[in-house]
Amino acid sequence: MKSKITHILCATDLSKHSAYTLCHAASLAAATGAKLHMVHAVLPMSDDVKITLQMFMQTTDSAETAMKARHDHARAVMAERQKSFWAHVDEEDRDIQQQVESIELVDGYPAEVILRRAAELACDLIVVGAHEHGFSQTFLGTVAKRVLRRSTIPTLVVPYRDDESNS
């Protein structure tokens, strides 16, 4: 019996490589008719950073503004990466964009965010990019390894691709 893929979670780290990962996720969504969910985890600030903010920010509002600016920046980068990706997709393939169900920034540690959102969204597949160092020193990267170890659904790891050497 064939299992049906209806929801795909594509995790992005907002790097340039993330477009290559999204390309594979979008292609799978097109082939299966699945909804595509994209997520980026915003790492929590360390206690040291929070204390530093409190020490140097004169008011609570200033610290909150700085923390909000951090999210705004991540949101802007994500929007820019999305716009750039879809602008480079062939005209006949742009319909895939209609299968994008959600684009989220979620506070937390990446592997935990990916696994939690995949479960909450009832995803059948996770697509995540390998670490930039590729398959030598760290093999996949910490986040991909953690997701692979703990995932209860199929997970596709897209290898890092250096566009300059693969042209």
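Residues numbered from 1 in each chain as written. Predicted model: local features only at pLDDT ≥ 70, side-chain atom pairs only at ≥ 80, totals over all residues. Heavy atoms only, no water.

Q: So what's going on with the side chain of Ser102? Residues and values would help.
A: Inspection of the secondary structure puts Ser102 in strand S3 (residues 100-107). For Ser102, a relative accessible area of 16% puts it in the buried group. For Ser102, the side chain forms a polar contact with the side chain of His37, separated by 2.8 Å. Excluding anything up to four places from it in sequence, Ser102 contacts Leu36, His37 and Met38. (Helix = DSSP H or I, 4+ residues; strand = E, 2+ residues; numbered from the N terminus. Buried < 20%, exposed > 50% of the residue type's maximum accessible area, 1.4 Å probe, protein only. Polar contact = N/O pair within 3.5 Å; in protein donor to acceptor, adjacent residues only side chain to side chain. Contact = heavy atoms within 4.5 Å.)

Q: Hey, could you go over the pairing of strand S2 (residues 35-42) for me, with residue numbers and the actual values?
A: In the case of a regular strand, side chains alternate between the two sheet surfaces. Of all 8 residues in S2, 7 are buried, a share of seventy percent or more. Where strand S1 (residues 7-11) and S2 come together, 5 bridges link them in parallel fashion. From the neighbouring strand, Leu9 faces S2, where its bridge partner is His37. Note that the unit made of S1, helix H1 (residues 18-32) and S2 has a crossover that is right-handed. Looking at chain direction, S2 and S3 are connected through 7 bridges and run parallel. Bridging from a neighbouring strand, Val42 pairs with Asp107 of S3. (Pairing = 2+ DSSP bridges. Right-handed = clockwise from strand over helix to strand, strands pointing away.)

Q: Account for the sheet that holds strand S4 (residues 125-129), naming residues and giving values.
A: Strands sit in the order S3-S2-S1-S4-S5 across an open sheet of 5 strands; the sheet is parallel. Since the sheet does not close on itself, it has two edges, and those belong to S3 and strand S5 (155-158), each with one partner. Mean inter-strand twist for the sheet, computed between neighbouring axes without regard to direction, equals 20 degrees. With 4 bridges joining them, S4 and S5 adopt parallel strand pairing. By the bridge assignment, Gly129 is partnered in S5 with Val158. Running at roughly 175 degrees to S1, H1 makes contact with S1, S2, S4 and S5 of the sheet. (Axes fitted to C-alpha atoms, helices over the stretch in contact; angles between N-to-C directions.)

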